[in-house]
Amino acid sequence: MSALTSSDVLRPGPTGFKALIQRLVMALMPSFFTFLRRWKPVMKLGNNYLTSRYDDVREVFATDPAFGVIYKPHLDVIMGGQPFFLGMADTDQYRHDTDAMRKVVRPEDLPVLAVRTEALGEAIVAGAGGRIDVVDTLVRRVTFTMLGDYLGVPDPPGGDLRVWGTRLFEFQFVDQGNDPALRKEVDEIAPALRLHIQNEIARRRIEPGKDDILSRCLALQAQGDAAYTDDFIRTSLMGFIVGGPPQPPMVVPQAMEQLLRRPEALAEARAAARADDDERLRRYVLEAMRFDPLAPGLPRVALTDWTLGTGTSHAATIPAGAQVLAAFASAMMDPRRVANPRVFDPNRPASDYMHFGFGLHECFGRHINAATLHLMLKPLLKQPNLRRAAGKAGRLSKNGPFAERLVVTYG
Amino acid sequence: MDQRPVSAAPQKGPPSWKLAPPHDTLTQGMVVSGFVSLPTGRALFLEFAWDGVQKKDGGAWLKAVQDVAPITDADGKDARAAGIGLTWEGMRKMGLDASTLASFDRPFKEGMFQEDRLRRLGDRREDEWLSTVIPGGPKWSGNTPTDDKWCGMADAHAFDDLEKVVETQVKTPITVHALLLLYEKDEETAEAWCRTVGDALAPHQVKIVHGLPLDLRPDPRGIAREHFGFADGVSQPAPFESKVVTVRDGSDYPKDYWNGVPLGEVLMGHENGHHEIALGPVVATSEAGAKAGLLPHPRGEGFLDLGLDGSYMVVRELKQDVAAFWNSMDAASARINRRDPEHSGHITADWIASRVIGRDLDGNLLCPNSKTGVLPVDKYDQPDNDFLFYDRDKLGHGCPLGSHVRRGNPRDGLAPKPSDKQTLLDAANNHRILRRGRKYGPDILDKRVDDGKERGLLFICLNTDITRQFEFVQQTWMLNPNFAFLYDEVDPLLGPKGMLTIPEKPLRRIIEVDTFVQMAGGEYFFLPSMPAIRYLASL
Amino acid sequence: MRQTTLSVALEVKPESYDHLSSLLDKLREKRSADPSGGTGPFADFLTRVPAVHFMSLSVYPGFDYDPLFVIEANFDGAPGPFWGQLESAIGPELRSMLRCCKRPLDNDGPLFDSIAAPDARAPIAPYLERRSLTPTVFHHGNRGMTRDRILAEHKLFEATRVELRCANHEGPNPYRVLTPRQIHAKLRAAVHPDFAWLDQPPPTRIPLAENIGDWVRLISFIVAAVFVLSIPGLFLSLAMPWERYLILLVVVFIGIAMLLKRIGVALPGTEIATKFSFLKFFFSQLVPLLLFVAGYLVVAVAIGTPLSMLATARNFDAAWHGMVTWLLWGLAGAPVVIAGIVLWLRVIERRDASQDAPPVDPVMLREMARREDWIPQNHMGSLVLIKPGILRMILIRAGHRLLGLVLRIQARSGYLGSMRTIHFAHWAMVNNKSRLMFFSNFDQTWESYLDDFIEKAHAGLTLAWCCGVGFPPTRFLVKDGASHGRQFKEWARHSMTVSRFWYSAYKDLTAEQIERNFRIAIGLRKRTLSDKDAALWINDL
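The structure displayed is predicted, hence computed values, not measured ones.

Turning to the overall build of chain A, a few remarks are in order. Secondary structure summary: chain A contains 15 helices and twelve strands in total. Computed over its C-alpha atoms, the radius of gyration of chain A comes to 21 Å, within 12% of the 22 Å expected for a compact globule of 411 residues. Overall, the C-alpha framework of chain A stretches about 60 × 55 × 45 Å when taken along its three principal axes. Expressed as a percentage of its 411 residues, the buried residues of chain A come to 55%. As displayed, chain A has an accessible area near 17200 Å², and 57% of this comes from carbon and sulfur atoms. Here chain A contributes 51 positively and 47 negatively charged side chains, and the mean placements of these two sets differ by 6 Å.

The structure is reproduced here in structure tokens:
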């Protein structure tokens, strides 16, 4: 079966002993980082460096001239060689491109997106008949529908945007070992998605239709704004599809799992949902995510020799060319900067969170996330008698870094 | 000469205090007396209409005043009396030299209308006059100039990029350089006297820019009432200093346990409540100074003591709205009657008004567990002033914690525990002022109907440390929103529209009170001693 | 809940002094026109730095030293998270302020470079952490009250006021016909829906571990002090027969006492009558003192006996006995040592130069006045030189240590003497312990605050501050001193600097009001009150 028509969002995960090991590693990760923070804040593993303390992670993110992103090679495969700002350093083009995108992705859209998200979620929850898989049925569908619609990128003919986007995401951000099977799929999907978006651009140029990011770009293009070339529009939309919607289906179910583990917090979050106190609910979901964030960390590459924590007792020099993992999950658990990190506290200040990175490449969609993530769970949290489904299905299972299934029942 | 309130008939009170020689002839009479036997008075606000500073003869006008209205000293009763105070800017214009001007106390030099001071006194905030000031801002003040060197003109230096803040000069339409107070037996003589004074001042280009008819008419019991109808000036500090403050027979005036303050709280050059000699201004030794009778300064070699036996006089013209006061009391009692029909039979406008003041209309202190609800009169048939709060009325069930008299002098009432009573009483007595104010304007016919006439109180008080005494009372007691553990309420009489808590069992009442008193002008004056007047007249 | 008070004092490049001042001014203006906190333009500070109660940034001009930039912070919890929060709120501004400071010449130089170099991006929190000073004495007026609790309980207070005022708005007020107990029940029922936390047990303000820690530190200090004071006696009693030792003690003691009597009186013109009396104080503290001495004996015997058994090979009985005797002889010498120290101190005090008229810069004074009295709270920061001499040095350090430990026990209710107007205050030594810095966040005006000290707590204040150069004449560390009202006030103003940036998380609340809100909340947390308790509780409403 071609990757283009596949309906499996996630590729089959490891089984048996390998799966067991993978789960074990995941389970031991927090303790491992606790150990590292205390005894080896900057740990060398071959040409890789692990940084686990809040200050160091922040320094890596903040010092973009010394720590560059490593996304470019894979991005080039996905974008067909077109530059996308995720892969750039702090250059003029970076600023030019992000500014251009900020012109069309506007703050005033957020309330609209919030309403859409909640409505979509409500419809799905109402139609699920008292039993729902939070990962696929709820969050993934809400995210892709809402964002696809917002960006102006519908499902490709005969394909599924969820599958395409997630597969490309895996290639871009997860695939460290350059899995040839995955590469094969990507080589099919990437050009197809490019073509799909290019076709949409052509179609919408003639028939602008509803207001979305694509139509806004085209309107600016029509006004003669040189920034909005077809290549730029296509690459940006593609970048958003690859980088954006695959993520909520990971973090939101993970947050749900964390809430389910904490009956008191869950009860308070549900009370906030029922009271329509969205700001309060947002804090609960954000805090729940802190216990199981998107990934242990984000990679960077040292562009020059750089000493992390200069002048402190754990100062460590990272040679140019080395890869650095800025473990933001560990940073958010660092008691040196985060008060009582093991305590679930929805009233934390913004500085306790690093979910969306920090500095130059801080998540472009962080405002959309802040406006919508909690609302994906809200319709579910409002349901009476919400509980885990019986058996294994009721516990969050993961496939590599991806959340795979979490079934809950209600009513 | 009485230490008692200006309202108390002298023959009825307890032994009064006087100053022993030589201080009695060195001090202005209004320090020791409110001139109760002279019921009519005039406050004449003078402006020196000269261009710039007088090079010579700056004191000529004062000589002229001395001829027609000699300033009264403190050595006995006179047929009529006069007192005088000068502003800093007034003395500067008279040609007093810069180093002498610099030797005055900071608040006096800056004037009452310095912008930060106005904020502390509750008059003005962020360039806006508050509701406790007459609409449009006060009519008069000393218009003390802001000192340029203090407001951003500091000498330039290298590496200086600080933003310079220019202080706002708060100005009033009328500028007052001196205040002349005249006391007479009746209206006609007073009027004639004012004309004489005016005629004498005219040749010196000193103008009477504002005048107020002052009034003090005690009833047969010796109670004088302010316009709202309450006995005024009941509680006064009683100064003491061995061999200087005496009773009639010449023996030392004993320290009053409740109201005693060292003389230095009232007169410069004497020991004050903080165990120091109250600071006063100095002039370089000169023939004129010696001739005027100024004594050598005890610490400054080569200087004469210009302050000894002088004082600072705080003056505020407070306009009273009698109808607003009583209508507000009516409204408050009506509300209580509506909200608490079962337990409010006794609550009338008078009842509430007494809680605002803390005394009944005759000046008797409200107290709990008393049949009459007030403290019985003393052996002289006067409102008893020898009381403390802590033991009798700690929680204010009689005299509310936020009432005017408790805020004006909390005595030992702020003590957190019994062992602190004495400390708190002593501390409170370090913040007393000697009041010499009188009311102005006609009495109102119907106290509930506004007749549109101007009336009020010309608040006058004497103290030597304006910051620690007058300003402290105004800021830390009167207008402190957290006084005595209260929250968000200030003096119900002087403050703006707000709340007043009336402690009661089982549950306190909180009433709303309006703005009744508005400041129409004010300034700090130097109240010179008799030799200092002679010296200033010789300028 | 643990609360931290600390300050960071950094030397400023003199050329950057004015620039730093203007940076501080700008920071304040950026957030608010007047130095208040809590709502409005400060709201982001309130949410982004939730730990902080009071914070100030000020620069002391340089006279004897180069200018000094001081960050004073009082917050909940440990310093680490606070610095992280602060950096996220005003990191860039702080960094540009730090660039105005001198590079430290010690080992912190590289760390400073990493945060202050042009385009430096390393977190500044580690540097601030490294340069933090521990206060020698500190005081918390509302000990153990977290900021969030203070704010929450005040909201509750306001809700009770609204309910009591507005219940059954048009008709009779239902509360006026109820008994105290019923009032409590009705009020609780009315506010409960909005204050679900009323059902939770109140957090302990002083946890047991902290309480034990306070006592252990105090006891250890006194036991150590007793030991140090008895050292001369311990040696002398070994060196001579006990009869001679005894005679020596008595003779020396009488000699010192006679000398003290002669020079113990105040210098002419500096005496101030005070209720404080050493004898009264001594007798009032006699029982605890004897307990402490007994405690010392127990500890010393427990440690000394095995040691002496090892050293002299005596059996347990003999060693124990000998040890007690020896220690008692040592203790007998302690009063003589104390008397000697007092005599020495008095000799120094008599020669001390006090400054009768400290110069006060009118420009600074005006800048201070411009920022004072906007809200019911005010702030002061002061910096004074410390008097020289070895005895002074020992007395300051020991005195501050003792004062700090005693305050932790004695001033738990927030009262210093008869006043509870301080939220957070502390002393700290800077410039290699040659200067003493004082910070206070207090209620009411500066004048009333100093008057309170002069009139109500002069002994404690004199003890803490008499080591400052120019302080008014003092007797035996606690007498006279701060009672010289005006002189002391001028001295204090002279030592102060402008509080250019000052933040308060609850600008309308006095320390007393916070306690009042606390009492009201404690009452409302209880489901029912007896009539007697309710009647007392109602006084606070």
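Alright, that's what it looks like, and here's the rest.
Moving on: the overall build of chain C. A count of helical and extended segments in chain C gives 19 helices and eleven strands. Its C-alpha atoms give chain C principal-axis dimensions of about 90 × 65 × 55 Å. Relative to its 541 residues, chain C shows a buried fraction of 57%. Of the contacts made within chain C by residues no fewer than 6 positions apart, 77% connect residues no fewer than 24 positions apart. For chain C, the accessible area works out to roughly 22600 Å², and carbon and sulfur atoms hold 66% of it. Distance between charge centroids for chain C: 4 Å, based on 61 positive and 50 negative side chains.

Moving on to the UniProt feature "transmembrane region" (unreviewed entry) in chain C. Residue and element names in this part refer to chain C. Taking the numbering used here, the UniProt-annotated feature "transmembrane region" (unreviewed entry) corresponds to residues 215–236, 242–260, 281–303 and 323–345. The span residues 281–303 is 96% helical and 0% strand by assignment, and the distance between its end C-alpha atoms comes to 32 Å. For residues 323–345, helix accounts for 100% and strand for 0%, while the C-alpha atoms at its two ends are 32 Å apart.

Residue and element names in this part refer to chain B. A cis amide bond links Pro21 with the next residue in sequence, Pro22, at an omega value of 0°. Within the secondary structure layout, Pro22 lies in the loop between strand S1 (18–19) and helix H1 (23–26). In the segment running from Lys505 into Pro506, the intervening peptide bond is cis, with an omega of 0°. Checked against the element boundaries, Pro506 lands in the loop between strand S20 (498–502) and strand S21 (509–513). For Gln205, which is not glycine, the phi dihedral falls at a positive 55°. You can see Gln205 is positioned in the loop between helix H8 (187–201) and strand S9 (206–215).

A contiguous patch of positive charge, built from Arg23(A), Arg131(A), Lys392(A) and Arg405(A), is present on the exposed surface. For Arg131(A), the position within the fold is in strand S4 (residues 131–133).

A cluster of nonpolar side chains, contributed by Trp242(C), Leu246(C), Val250(C), Ile254(C) and Met258(C), occupies part of the molecular surface with about 500 Å² of accessible area. The residue Val250(C) is located in helix H9 (residues 242–263) in this model.

This paragraph deals with the side chain of Asp451(C). Of note, Asp451(C) is situated in helix H15 (residues 446–456). If sequence neighbours within four positions are ignored, Asp451(C) has contacts with His274(B), His431(B), Arg468(B), Phe472(B), Lys456(C) and Lys489(C).

What follows covers the interface of chain C and chain B. In this complex, chain C contributes 72 residues to the contact, which on the side of chain B involves 62 residues. Summed over both sides, the interface between chain C and chain B buries roughly 5800 Å², with carbon and sulfur atoms accounting for 48% of that surface. For the chain C face of the interface with chain B, the top three residues by lost area are Arg176(C), Arg366(C) and Arg486(C), together amounting to 16%. Here chain C is connected to chain B by ten salt bridges. The partner of Glu490(C) in a salt bridge is Arg106(B), and the shortest N-O contact between them spans 3.1 Å.

Attention now goes to the confidence of the model for chain A. Per-residue confidence for chain A averages 86 on the pLDDT scale, and 100% of its residues sit at or above 70. The secondary-structure element of chain A with the lowest mean pLDDT is helix H3 (residues 72–79) of chain A, recorded at 81, while helix H13 (residues 278–290) of chain A shows the highest, at 92.

It is worth spelling out the packing of aromatic side chains at this point. If you walk through the whole model with that rule in mind, you get 49 aromatic pairs over all chains. In this structure, Arg119(B) is placed above the aromatic ring of Trp374(C), and the distance from its NZ or CZ to the ring centre is 3.9 Å.

Another point: the state of the cysteines. Residue and element names in this part refer to chain C. Under the defined criterion, the tally for this structure stands at zero disulfides over all chains. Of all cysteine sulfurs, the one in Cys466 lies closest to Cys467, which takes part in no disulfide; the gap is 5.9 Å. The exposure class assigned to Cys467 is buried, which follows from its relative accessible area of 3%.

Attention now moves to the sheet that holds strand S2 (residues 48–51) of chain A. All names here are of chain A. Here five strands make up an open sheet; going across it, the order is S1-S2-S8-S5-S3 and the pairing mixed. Of all the strands in the sheet, the pair left with one neighbour each is strand S1 (42–45) and strand S3 (67–68). Pairing of strand S5 (residues 298–302) with strand S8 (residues 323–326) involves four bridges; the strand directions are antiparallel. Among the inter-strand pairings, Arg300 is bridged to a residue of S8, identified as Val324.

This paragraph deals with the nonpolar core. Counting 119 residues, the largest nonpolar core has Val134(A), Leu138(A), Leu168(A), Tyr228(A), Met256(A), Ile318(A) and Leu380(A) as the members making the most contacts within it. When residues in this core are grouped by element, the largest group, ten residues, is from helix H6 (residues 134–151) of chain A. In contact with Val134(A), other than residues within four places in its own chain, are Val139(A), Pro253(A), Met256(A), Leu377(A), Leu380(A), Leu406(A) and Val408(A). Ranked by size, the runner-up nonpolar core spans 90 residues in total, among them Met112(B), Phe113(B), Val206(B) and Ile511(B).

Enumeration over the complete set of coordinates arrives at 105 salt bridges over all chains. Taking the shortest distance from any N to any O, the salt bridge between Arg225(B) and Asp362(B) comes out at 2.6 Å. Of this pair, Arg225(B) sits in the loop between S9 and strand S10 (238–240) while Asp362(B) sits in the loop between helix H11 (349–357) and helix H12 (390–393); the two residues are 137 residues apart in sequence, bridging distant segments of the chain. A single salt-bridge network, built from bridges that share partners, covers Glu110(B), Arg117(B), Arg120(B), Glu167(B), Glu471(B), Arg366(C) and Asp373(C).

This paragraph deals with the packing of helix H8 (residues 180–206) of chain A against helix H10 (residues 230–243) of chain A. Residue and element names in this part refer to chain A. Packing of H8 against H10 leaves a shortest axis separation of 10 Å and a crossing angle of 125°. As the angle between them shows, H8 and H10 are arranged oblique. Considering the relative orientation of H8 and H10, their crossing is right-handed. Contact with H8, carried on its side by Ala190, Leu193, Arg194, Ile197, Gln198, Ile201 and Arg205, involves Asp230, Ile233, Arg234, Leu237, Met238 and Ile241 of H10 and no other residues of that element. Its residues assigned to classes, the contact of H8 with H10 shows eight nonpolar, one polar and four charged.

Let us now look at the interface of chain A and chain C. With 18 residues of chain A in contact, the opposing surface of chain C contributes 19 residues. Between chain A and chain C the total buried area reaches about 1500 Å² when both faces are included, carbon and sulfur atoms providing 57% of it. Considering only the side of chain A, the residues that lose the most area to chain C are Thr310(A), Arg337(A) and Pro349(A), jointly responsible for 33% of the buried surface there. Across the contact surface, chain A and chain C share two salt bridges. Across the pair Asp64(A) and Arg121(C) runs a salt bridge, and its minimum N-O distance is 2.6 Å. Residues belonging to the side of chain A that touches chain C are distributed by class as follows: six nonpolar, six polar and six charged.

Our focus in this paragraph is helix H19 (residues 531–538) of chain C. Residue and element names in this part refer to chain C. Regarding H19, the residues found buried are Ala534, Trp537 and Ile538. Down the axis of H19, the buried set is contained in an arc of 95°. They therefore lie on one face. For H19, the exposed residues lying more than 90 degrees away from the buried face are Lys532 and Leu536. Structurally, H19 contributes buried residues whose contacts are with helix H7 (180–191) and helix H18 (511–525).

On to the pairing of strand S3 (residues 81–86) of chain B. Residues and elements named next belong to chain B. With six of its six residues buried, S3 lies for the most part within the structure. Taking every second residue as pointing to the same face, both faces of S3 are buried, with Ala81, Gly83 and Gly85 on one and Ala82, Ile84 and Leu86 on the other. Pairing of S3 with strand S8 (residues 178–184) involves six bridges; the strand directions are antiparallel. When the bridges of S8 are listed, Ile84 appears paired with Leu180.

Another point: the side chain of Arg53(A). Residues and elements named next belong to chain A. Position of Arg53 relative to the elements: it lies in the loop between S2 and helix H2 (54–62). Within the structure, Arg53 has its side chain in polar contact with the backbone oxygen of Arg37 (distance 3.0 Å). The residues touching Arg53, leaving out its near neighbours within four places in the chain, are Arg37, Arg38, Pro41, His314, Ala331, Asp334 and Arg336.

Cut-offs used in this document
- Residues numbered from 1 in each chain as written.
- Chains lettered and ligands numbered in written order.
- Predicted model: local features only at pLDDT ≥ 70, side-chain atom pairs only at ≥ 80, totals over all residues.
- Heavy atoms only, no water.
- Helix = DSSP H or I, 4+ residues; strand = E, 2+ residues; numbered from the N terminus.
- Rg over C-alpha atoms; globule rule 2.2 N^0.38 Å.
- Buried < 20%, exposed > 50% of the residue type's maximum accessible area, 1.4 Å probe, protein only.
- Areas by Shrake-Rupley, 256 points an atom, 1.4 Å probe, with all protein chains shown as cover.
- Lys, Arg positive; Asp, Glu negative; His and termini not counted.
- Charge placed at Lys NZ, Arg CZ, Asp CG, Glu CD.
- Contact = heavy atoms within 4.5 Å.
- UniProt positions renumbered as here; feature names shortened; annotations may be inferred.
- Patch = residues over 30% accessible without salt bridge, like charges linked within 9 Å, V, L, I, M, F, W, Y side chains within 5 Å.
- Salt bridge = Lys/Arg side-chain N within 4 Å of Asp/Glu carboxyl O.
- Buried area = accessible area lost by both parts, 1.4 Å probe.
- pLDDT = per-residue confidence, 0-100.
- Phe/Tyr/Trp six-rings, centres within 6.5 Å; stacked < 30°, edge-to-face > 60°.
- Lys NZ or Arg CZ within 6 Å of the ring centre and 35° of its normal.
- Disulfide = S-S within 2.5 Å.
- Pairing = 2+ DSSP bridges.
- Core = buried A, V, L, I, M, F, W, Y, C linked by side-chain atoms within 4.5 Å.
- Axes fitted to C-alpha atoms, helices over the stretch in contact; angles between N-to-C directions.
- Parallel < 35°, antiparallel > 145°, perpendicular 65-115°, else oblique.
- Left-handed = near helix turned anticlockwise from the far one by under 90°.
- Nonpolar A, V, L, I, M, F, W, Y, C, P; charged D, E, K, R; others polar.
- Arc of directions from axis to C-beta.
- Polar contact = N/O pair within 3.5 Å; in protein donor to acceptor, adjacent residues only side chain to side chain.

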